[in-house]
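Structural overview for review
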Amino acid sequence: MFQQNMFESHHHILDMIPKSSENELGSNIRDLEDFETKSCSDNMEGGPSGDDQDPNQRPKKKRYHRHTQLQIQEMEAFFKQCPHPDDKQRKELSRELGLEPLQVKFWFQNKRTQMKAQHERHENQQLRADNEKLHADNIRYKEALNNATCPNCGGPAAIGEMSFDEQHLRIENARLREEIDRISQIAAKYVGKPMITYPNISSRSFDLGTGNFGPQPGLVGEIYGAGDLLRSISGPSETDKPMIIELAVAAMEELVRMAQVGEPLWIPNADNSSVILNDDEYVRTFPRGIGPKPLGLRSEASRETVVVILNHVNLVEILMDVNQWSTVFAGIVSRAMTLEVLSTGVAGNYNGAFQVMTAEFQVPSPLVPTRESYFVRYCKHHADGTWAVVDVSLDNLRSNPVSRCRRRPSGCLIQELPNGYSKVTWIEHVEVDDRDVHDLYKPIVNSGIAFGAKRWVAALDRQCERLASAMATNISADVGVITNQEGRKGMLKLAERMVISFCSGVGASTAHTWTTLSGSGADDVRVMTRKSVDDPGRPPGIVLSAATSFWIRVPPKRVFDFLRNENSRSEWDILSNGGLVQEMAHIANGREQGNCVSLLRVNSGNSSQSNMLILQESCTDSTGSYVIYAPVDVVAMNMVLNGGDPDYVALLPSGFAILPDGPGLGGGILDVGSGGSLITVAFQILVDSAPTAKLSLGSVATVNSLIKCTVERIKAAVTCETA
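First things first, this report covers the structure right here in the doc. Every chain is numbered on its own, with residues counted from 1 as its sequence reads. Confidence filtering applies because this is a predicted model: local features only for residues at pLDDT of at least 70, side-chain atom pairs given and counted only at 80 or more, and all residues used for totals across whole chains, interfaces and linings. Side-chain numbers here rest on the full set of heavy atoms in the structure, without hydrogens or water.

1. Here we look at unusual backbone geometry
In this structure, the amide linkage connecting Glu-263 to the following residue, Pro-264, adopts the cis form with an omega of 5°. Segments assigned H or I by DSSP are reported as helices when at least four residues long, segments assigned E as strands when at least two residues long, and all are numbered from the N terminus. Secondary-structure assignment places Pro-264 in the loop between helix H9 (241-260) and strand S3 (266-268). The backbone phi angle of Asn-419 is positive, close to 60°, even though this residue is not glycine. You can see Asn-419 is positioned in the loop between strand S11 (410-416) and strand S12 (422-432). Residue exposure (1.4 Å probe, protein chains only): buried if accessible area is under 20% of the type maximum, exposed if over 50%, otherwise partly exposed. A residue is classified by how much of its surface remains accessible, and Asn-419, at 73% relative accessible area, is exposed.

2. With respect to helix H4 (residues 87-97)
Buried within H4 are the following residues: Gln-89, Arg-90, Leu-93, Ser-94 and Leu-97. Take H4 and look down its axis: the buried residues cluster within an arc of 135°, on one side only. Turned more than 90 degrees from where H4 packs its buried face, Lys-88, Arg-95 and Glu-96 sit exposed. Looking at the residues trailing H4, positive phi occurs at Gly-98, about 70°. The arc in question is traced by the directions running from the helix axis to the C-beta atoms.

3. Some words on the packing of helix H14 (residues 453-470) against helix H15 (residues 485-506)
For every element, the axis is a line fit to its C-alpha atoms; helices are fit only across the contacting stretch, and the angle between N-to-C directions ranges from 0 to 180 degrees. At their nearest, the axes of H14 and H15 sit 10 Å apart, and the two run at 155° to each other. By the angle between their directions, the pair H14 and H15 is classed as roughly antiparallel. For the pair H14 and H15, the contacting residues are Arg-466, Ser-469 and Ala-470 in the first and Gln-485, Arg-488, Leu-492, Ala-495 and Glu-496 in the second. Charged means Asp, Glu, Lys or Arg here, nonpolar means Ala, Val, Leu, Ile, Met, Phe, Trp, Tyr, Cys or Pro, and polar covers whatever is left, Gly included. Residues of the contact of H14 with H15, tallied by class, amount to 3 nonpolar, 2 polar and 3 charged. When describing relative orientation, an angle under 35 degrees is termed roughly parallel and one over 145 degrees roughly antiparallel, while 65 to 115 degrees is termed roughly perpendicular and anything else oblique. In this description, contact between two residues means that some pair of their heavy atoms is separated by no more than 4.5 Å.

4. Some remarks on the packing of aromatic side chains
Here a pair means two rings of Phe, Tyr or Trp (six-membered ring of Trp) with centres within 6.5 Å. Their orientation is stacked below 30 degrees between planes, edge-to-face above 60, and tilted elsewhere. Counting across every chain of the model gives 14 aromatic pairs. For the pair Tyr-282 and Phe-286, a centre-to-centre distance of 5.2 Å together with 50° between the ring planes defines the contact as tilted. The pair Tyr-282 / Phe-286 is uniform in exposure class, with both members buried. With a centroid separation of 4.3 Å and an interplanar angle of 5°, the aromatic rings of Phe-354 and Tyr-378 are classed as stacked. One end of the pair, Phe-354, is in strand S7 (residues 353-361); the other, Tyr-378, is in strand S8 (residues 371-381), with 24 residues separating them in the sequence. Residue Phe-354 shares its accessibility class with Tyr-378, and that shared class is buried. Within the aromatic cluster, the residues linked to one another by ring pairs are Trp-325, Phe-329, Phe-361, Trp-426 and Trp-456. Here the basic side chain of Lys-111 rests over the ring of Phe-79, its NZ or CZ set 5.7 Å away from the ring centre. Remark: a charge is flagged as sitting over a ring if the NZ atom of Lys or the CZ atom of Arg is within 6 Å of the ring centre and within 35 degrees of the ring normal. Across from the ring centre of Phe-451, 3.9 Å away, lies the NZ or CZ of Arg-371, which sits over that ring.

5. Description of helix H3 (residues 69-81)
Its 13 residues place the ends of H3 19 Å apart at the C-alpha level, agreeing with the 18 Å of an ideal helix rising 1.5 Å per residue. Among all positions in H3, only Gln-71, Ile-72, Met-75, Phe-78 and Phe-79 are buried. Mapping the buried residues of H3 onto a view down its axis gives an arc of 130°, with all of them on the same face. When the buried face of H3 is taken as reference, the exposed residues oriented beyond 90 degrees from it are Gln-69, Leu-70 and Lys-80. Multiplying 1.5 Å by the helix residue count minus one yields the expected span of that helix.

6. Describing the pattern of salt bridges
Salt bridges, as used here, are contacts in which a Lys or Arg side-chain nitrogen is within 4 Å of a carboxyl oxygen on Asp or Glu. All told, the structure shown has 26 salt bridges when counted by the stated rule. For the salt bridge of Arg-284 with Glu-281, the shortest nitrogen-to-oxygen distance reads 2.8 Å. Note that Arg-284 and Glu-281 are positioned in helix H10 (residues 279-285) at a spacing of 3 residues, about one turn of the helix. Judged by its relative accessible area of 18%, Glu-281 is buried. A salt bridge links Asp-391 to Arg-377; the nearest nitrogen and oxygen atoms lie 2.7 Å apart. With a gap of 14 residues between them, Asp-391 in strand S9 (residues 387-393) and Arg-377 in strand S8 connect regions that are remote in the sequence. Neither Asp-391 nor Arg-377 differs from the other in exposure class; each is buried. Each of Arg-298, Glu-300, Arg-371 and Asp-434 takes part in salt bridges that share partners, so that together they form one network.

Laid out in structure tokens, this is it:
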């Protein structure tokens, strides 16, 4: 069948208290209320000691020195910013205050112990009062129920005769249940009760009608390796949770200020198209944060604002649901998972929700290492009506805190606008070791286009337009336009799965390993294999994936238009055998003409291809473009267009990721003349339908030849067209 012959796309994918004498330890505890650490010193007044001491004279007790008010104030201020200073910070603080590092260490230990005790006392008092109130209410309602009388005869009431009282009791019972749940969640943070696991919040996921943002079956289990780094990170310990919440609250305050403040914190660039973070001013404004920047890491910060066609409630839900978030930002988030939900929020929404997460961020090329991050995500509804979602790294809590990427407070502010629109201000602030990035991609990475706020808001804007298009009902009946609502939903959901599969397998994720076939150049072909078994969304057997990245002196927009156009497909698609490619149907996905899902037919003399169509999605925004396609069976596609389940259509996506080779002129990425293009080509082929089969060298050689030939055809065609 054609699936075995055609290269069907690309996929994949308490602190320890120092051991002092009992008297010293008792002194520390007695002075805990004053929050002043005592340090032991010998008698410095020149009194007798040793053999010269009068045996009839009682030995003098050791003296303890209280800290000065200035020392206490300085340490109190530092504690508010960083309750767990490291050795370097303690030494620096001790030098500033004229103390020994151990004195500083003991002071912080005692401070944390007192804060924890105060917090627990307050929570226990609140819980006790709430429980007593609930207990009294329950007794009152039980007595009312037992003493209920029939309004007609005055006798004991039967269940069916208690309509008003029963309704009232049911309402109160529901309220009490919610109150108990809320109190249990608060108690669980501090007294070690089991926490709510993540799947429990999925019931709040909103129905978008198209299935665009639901979890993708068959993807997660296979792409995620059981032993990879992200999955090896466990959830936080009970003792860490209060500190995580404090860190997230401080990060929220920083994010709001970063989003609202202008100069001198943010300085406009030369052409006023964007702003640049003033690092010196940042350190003065936020002196503590998550600590100083580690050696070897480069700071990267950006801020962008966009208005999107999506209401603020749905937008918050997308950001707080890991499946929806990783689907909307599939080109940036290669993998993500929630380790633990510390709080699901209150009042039926995500206000006050805390989630401990891991994620891997990527550029669509095997030449750019991914950025792995372990962080807490916190959502808050502010008094002015805006919502904010912030991430901040938790690497300092890990046993091995060495990290190649730290997320300082990053996230977005969401402001409600009329007619279902939202204004989003996005902040990306990271410290990263990107020395392993290939030279081809260093300009785009260093400029902030690859991982910065501009890419996040561009992807969000494009996806919101896609969603609006999918839910549209007033569709013009032009030639080739799919007007059947069920057919549109099915085709868009199938295309979405194709795009996610392509994006998850084209980058340098640690979930899989690329093997370079020859040499060490940037344009060398890299391959990997995987087995597909019992997955209705993929053909069973051995799948060979191949990818290569190269540079060409042609603007990205021209390359994108060439690759997405069905009329020029025969110039680069070897497998079309020179046949004419015709667009059978399409669905527009936004303002840009190139943003659409198409169904193509190849009119080829090869009879084995007569029952095949090509599903293609092309999408572009201000930071890059994709052209992704996969052969589909005619019968299966007709089933989808008639309302059938698209999850059972086998796909192996292939395609192209097109990025600028650096910042464009005037800040525009796709402007003609803005520079060259970085193109990643990725193919997938089913080399054997038996999952137990072994990969042959001939198959590898064939794929290597195919991808190199395709690259040469593209270079020749677009270069000639440009000339």
